[in-house]
Amino acid sequence: MHTDAPELEGHLAALADKLSLEQKVRLLSGASIWSLHEEPAIGLRSIVMSDGPSGVRGVSMDDRDPSASLPSATAVAATWDVDKIRRLGALIAAEARAKGVDVVLGPTVNLHRSPRGGRHFESFSEDPWLSGVLGAAYVRAVQAHGVAATAKHYVANDSETDRFTVDVRVDERTLREVYLAPFERMVAEGGAWLVMSSYNQVNGATMSANPLLREPLKDEWGFDGAVVSDWTAVRDTVESASSGQDLVMPGPDTAWGEALVRAVRAGQVDAAVIDDKVLRLLRLAARVGALDSVAPVADQPAPWSNAEIRSLLREVAADAMVLVRNDGLLPVAPAAGTRLAVIGHHARRGRNQGGGSAMVFPEVVVSPLDGLRETFGEARVGYAAGVIPEPELYAFERNSVVDPATGAAGVRVRYLDAEGTAFDEEIFPTGRFGWLGDERLARAATIEVTARYTPAADGLHRIGFSCLGEVVFRVDGRVLSSDTVRPEDDDVVKAIMHPPAQVFDIELESVRPVDISLTLRPELPGGFPIARVTLGTEDVYGTPAQELERAVRLAADSDVAVVVVGTTENLESEGFDRSALALPEGQDELVRRVLAVNPRTVVVVNSGGPVVMPWLEEVPAVLLTWFPGQEFGGALADVLCGATEPGGRIPTTWAAAEADVPVWDVEPRDGRLDYTEGIHLGYRAWLRLAAGGRPAPAIPFGYGLGYTTWRIGEPEAVENSDGSVSVVVDVANTGDRAGKHVVQAYLSVSGPSAVDRPVRWLAGYAVVRAEAGQTVTARMEIEPRALRHWSAERHEWLREPVTFEVRVGSSVTDLSAPTAISPARR
Ligand code: BGC
């Protein structure tokens, strides 16, 4: 067994030497959608990859093998707590191993450049330093357990519009200080074993063949891992293979393979370049324990119990919630006999996660309504939707469907060949299932799905399906659809994850089950062996006026109203950007109408990224939950009743109105998206605008309330001999309960500077916890890099001889007077 580093490198090189060119090249492309090839000749087993980042989906895309659904990245970032990330990372690694996964495709550390970014929920922050700190913590946490993390998407994949082709134009300094910075930290400090190159171009070259893959990633930063492509990003052979791109996913058919062998033989691609890629792959294999001659770097993590998973996820979800307003209404003690009106579609169908490749399939999601009923008592919690959400097909849940043939729980699926003979069959646990790289999908001419469904209540039901291909859909033998369902546009990921739905209104009785069947000749988008089917129901509503009236009446008859509002799958997901930040479907009106009849109204916002809240100043309490993962409802109840303090501080600025947003544009022009704002994104842009008299944001970066109050003392800042700065400040809990605070340190330059600089920038923070009345000392180490800028003339980091000063406080706009940095002590 090889473990010693220099000896290991020699061993890996010797293994590579045993391989022919064909064998080497074969290893560089996917064997399937999620796996790489094995090579028994050198004791290499197949390496399995999986999305990520907020949980581990595994290789199936349905409910057969459920996954823990973690809070999304904006939620995790709102905790600012690397210790929480360490524990989440341990869970991710354990989930990965339990599912046979070696590589988790996360974290995502693109930046919140514009609030319109469709995958905003999947990235941490608008601040490059904070993103890097949290990303590196994620990488370290997962890899400590011998599972690889993947820093993605390298680089400038900060929005989704035309993501496969857009040419992001960004100047050298901005690239270094802003967009590359989190990746640098994940490599240099986190020690990431993989980096995923992104779909887009940067400054004229597609990222899967971009010079940035070598310089700075591999040469300057010393990245010794492998660069994996984003799925289907590599479409050429010579250019991408000659670049720093190492692995091409998915397989088995890629632009490399035999074409690359020929290109090497023809002298178009250097054989040494292939050897370097193979060595990187073998290094990855050694790290994740896929080489039988190398001892794994870590012991196999033990599986977590369900109770352990649920307890951590509930704790983190609550710690991520940001209380942005509270006139004293919160917390609401359940013992007081309070009657709660729980209002809003999101209260019953809260969004635990964002859409797209980050989706996982948890066994259970606790809705806000269920969580509040559990804590406040079923009888004291009333519910009304208040609005009619956009239609969504919800899969038949476990135990609502049985196989009509045997009565066993689940949905029966039969695979038929061209002659109509069934060659296989199986039972799926719910009405949501699919196939990924499953050879039966290619072999089946027809797939037959049957289920017996028992509705929970009498009345009008809306039953339907979603999938792609030729379908015949029947209920109790009656044909309701005979059609060919095609994707809505040419985004392959969207077509796979969200095939169009068809639904039908039917009167049903709860005592009388109905037989449902779907006969499908699947259509495979982009030719990939992937298909997804949902059989289920849409919620049925009255008229908008009836729904609103019902909610208003309930609110008027209750002591406290909790209105849960939020975004939808069609607003925040992968593959497209947001066109607006307003809450959809009349939810603003719902808040106002409820507030008008019940002044004790709490608004809970369930979104992954910013929304505008025109009622913010009128509502007594407003809580942001992000996409909090599967334990949403329990965590929300803990926070509202005061069992737990909302621990979050906002990691990205929220605007009061769309018109105020400094960086709005995500649409390429002539294929180009210019990052004209340079280094001034997020709060840096807001501060510059404020200096020009423009409106302040609704919620400034770093802001959030808890259930206690704090006094921050006079900070002291001392420069150390290595150029770092130590900041020390006393923080007193002045309230009457224990709490958490995030003390932040920002740098700025006093006096003139020849360098274009942000008004101030985050350079350190400390998560402090203190008992009521207790004073604790917060210590923050500001790194030398925080005082440097990237010189595009000299192509290096420089420290301008100017005077830097430090401000300490509770948000980017709630800070102490500037503190001078004392010179280094001798
Ligand atoms: C996404 C990646 C993801 C990959 C595999 C791509 O569309 O951009 O983040 O890891 O699909 O699902």
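Identification of the protein as Glycoside hydrolase family 3 C-terminal domain-containing protein from Nocardia albiluteola is taken from an unreviewed UniProt entry.

Draft legend 1. The overall build of the protein, seen in detail. Along the protein, the regular secondary structure elements total 20 helices and 38 strands. Whereas a compact globule of 826 residues would reach a radius of gyration of roughly 28 Å, the protein reaches 27 Å, a difference of no more than 12%. C-alpha atoms of the protein, sized along the principal axes, occupy 85 × 80 × 50 Å. Here the protein, with 826 residues, has 61% of them falling under the buried criterion. When contacts within the protein are restricted to residue pairs at least 6 apart in sequence, long-range pairs at least 24 apart make up 77% of them. Carbon and sulfur atoms make up 49% of the accessible area of the protein, which totals about 29,700 Å².

Draft legend 2. Main features of the sheet that holds strand S1 (residues 49–50). Spatial ordering of the open sheet is given by S1-S2-S3-S5-S8, a layout of five strands whose pairing is parallel. What marks the edges here is a single partner per strand, and that holds for S1 and strand S8 (226–229). Judged from the two bridges that link them, S1 and strand S2 (residues 103–104) form a sheet pairing that is parallel. The partner of methionine 49 across the bridge, within S2, is valine 103. Along the sheet, helix H7 (residues 181–188) makes contact with strand S3 (148–154) and strand S5 (194–197), crossing S3 at roughly 160°.

Draft legend 3. Seen up close, the sheet that holds strand S25 (residues 601–606). The strand order S9-S26-S25-S24-S10-S11 describes an open sheet built from six strands, whose pairing is mixed. One side of each edge strand has no neighbouring strand; the edge strands of this open sheet are strand S9 (322–326) and strand S11 (381–384). Shown here is a sheet whose adjacent strand axes are inclined to one another by a mean of 20°, direction ignored. As paired elements, S25 and strand S26 (residues 621–624) share four bridges and run parallel to each other. Across the sheet, the residue bridging to valine 605 is leucine 624, located in S26.

Draft legend 4. Highlighting the UniProt feature "domain: Fibronectin type III-like" (unreviewed entry) in the protein. Within this numbering scheme, the UniProt entry marks residues 741–812 as carrying the feature "domain: Fibronectin type III-like" (unreviewed entry). In the segment residues 741–812, helix accounts for 0% and strand for 60%; the C-alpha atoms at its two ends are 14 Å apart.

Draft legend 5. Geometry of the site of the ligand. The full set close to the ligand counts 14 residues, and Asp51, Arg119, His153, Asp230 and Glu574 are the nearest of them. Between an oxygen atom of the ligand and a side-chain N or O atom of histidine 153, the distance comes to 2.7 Å. Computed on the free molecule, the ligand has an accessible area of 310 Å², of which 96% lies beneath the protein chains in the complex. Classifying every residue of the shell around the ligand gives six nonpolar, two polar and six charged.

Draft legend 6. Representation of the packing of aromatic side chains. A complete count under the given rule lists 22 aromatic pairs for this structure. Between tyrosine 415 and phenylalanine 423, the ring centres sit 6.2 Å apart and the planes meet at 40°, which makes this aromatic pair tilted. For phenylalanine 423, a relative accessible area of 21% gives the class partly exposed. What links up through ring pairs into an aromatic cluster is the set Trp80, Trp129, Tyr683, Phe701, Tyr746 and Tyr765. Residue placement shows arginine 176 over the ring face of tryptophan 790; its charged tip is 3.9 Å from the ring centre. The ring of tryptophan 797 has arginine 785 sitting right over it, with the charged end atom 3.7 Å from the ring centre.

Draft legend 7. Broad picture of the pattern of salt bridges. Enumeration over the complete set of coordinates arrives at 63 salt bridges. A salt bridge links arginine 310 to glutamate 631; the nearest nitrogen and oxygen atoms lie 2.8 Å apart. Here arginine 310, found in helix H12 (residues 306–320), pairs with glutamate 631, found in the loop between S26 and helix H19 (632–641); they are 321 residues apart in sequence, far enough to count as distant. By relative accessible area, arginine 310 is classed as partly exposed at 29%. Linking arginine 486 and glutamate 523 is a salt bridge whose minimum nitrogen-to-oxygen distance equals 3.1 Å.

Draft legend 8. View of the pairing of S5. Side chains of S5 alternate between two faces, with Leu194 and Met196 and Val195 and Ser197 buried alike. Pairing of S3 with S5, which is carried by three bridges, proceeds in the parallel orientation. The residue bridging alanine 151 from the neighbouring strand is valine 195, located in S5.

Draft legend 9. Examining the side chain of histidine 346 more closely. Positionally, histidine 346 belongs in helix H13 (residues 345–348). A polar side-chain atom of histidine 346 sits 2.7 Å from the main-chain carbonyl oxygen of threonine 567. Not counting residues within four places of it along the chain, the set of residues in contact with histidine 346 comprises Arg351, Pro368, Val564, Val565, Gly566, Thr567, Gln587 and Asn606.

Conventions adopted
For every chain, the first residue of the written sequence is number 1, and numbering continues from 1 onward in sequence order. Restriction of local features to residues with pLDDT of at least 70 applies here, the model being predicted, together with a cutoff of 80 or more for giving and counting side-chain atom pairs; totals for whole chains, interfaces and linings are based on all residues. With hydrogens and water excluded, all non-hydrogen atoms of the structure serve as input to the side-chain values. Helical segments are the DSSP runs of H or I of at least four residues, strand segments are the runs of E of at least two, and each set is numbered from the N terminus. Only C-alpha atoms enter the radius of gyration, while the globule expectation follows 2.2 Å times N to the 0.38, with N the number of residues. The classification of residues rests on relative accessible area computed with a 1.4 Å probe and restricted to protein chains. Under 20% of the type maximum is buried, over 50% is exposed, and intermediate values are partly exposed. The contact criterion used is simple: two residues touch if any of their non-hydrogen atoms lie within 4.5 Å. Only the protein chains shown count as cover for residues, and the accessible areas themselves come from Shrake-Rupley with a 1.4 Å probe. Between any two strands, at least two bridges found by DSSP are needed for them to pair. Every axis in this analysis is a line fitted to C-alpha atoms, fitted for helices over the stretch in contact. Angles between the N-to-C directions lie between 0 and 180 degrees. UniProt positions are given in the numbering used here, feature names are shortened, and annotations may be inferred rather than shown by experiment. When at least one non-hydrogen atom of a residue lies within 4 Å of a molecule or strand, that residue is treated as near it. The term polar contact refers here to a pair of N or O atoms within 3.5 Å; inside protein, the definition further demands a hydrogen-donor-capable atom paired with an acceptor-capable atom, and it admits residues adjacent in sequence only when both atoms are side-chain atoms. Classification used: nonpolar for Ala, Val, Leu, Ile, Met, Phe, Trp, Tyr, Cys and Pro, charged for Asp, Glu, Lys and Arg, polar for all others including Gly. For Phe, Tyr and Trp, rings pair up if their centres lie within 6.5 Å, where Trp contributes its six-membered ring, and each pair is then called stacked (planes under 30 degrees apart), edge-to-face (over 60) or tilted (otherwise). Lysine and arginine charges are scored as sitting over a ring when NZ or CZ, respectively, is within 6 Å of the ring centre and within 35 degrees of the ring normal. The term salt bridge refers to a side-chain nitrogen of Lys or Arg lying within 4 Å of a carboxyl oxygen of Asp or Glu.

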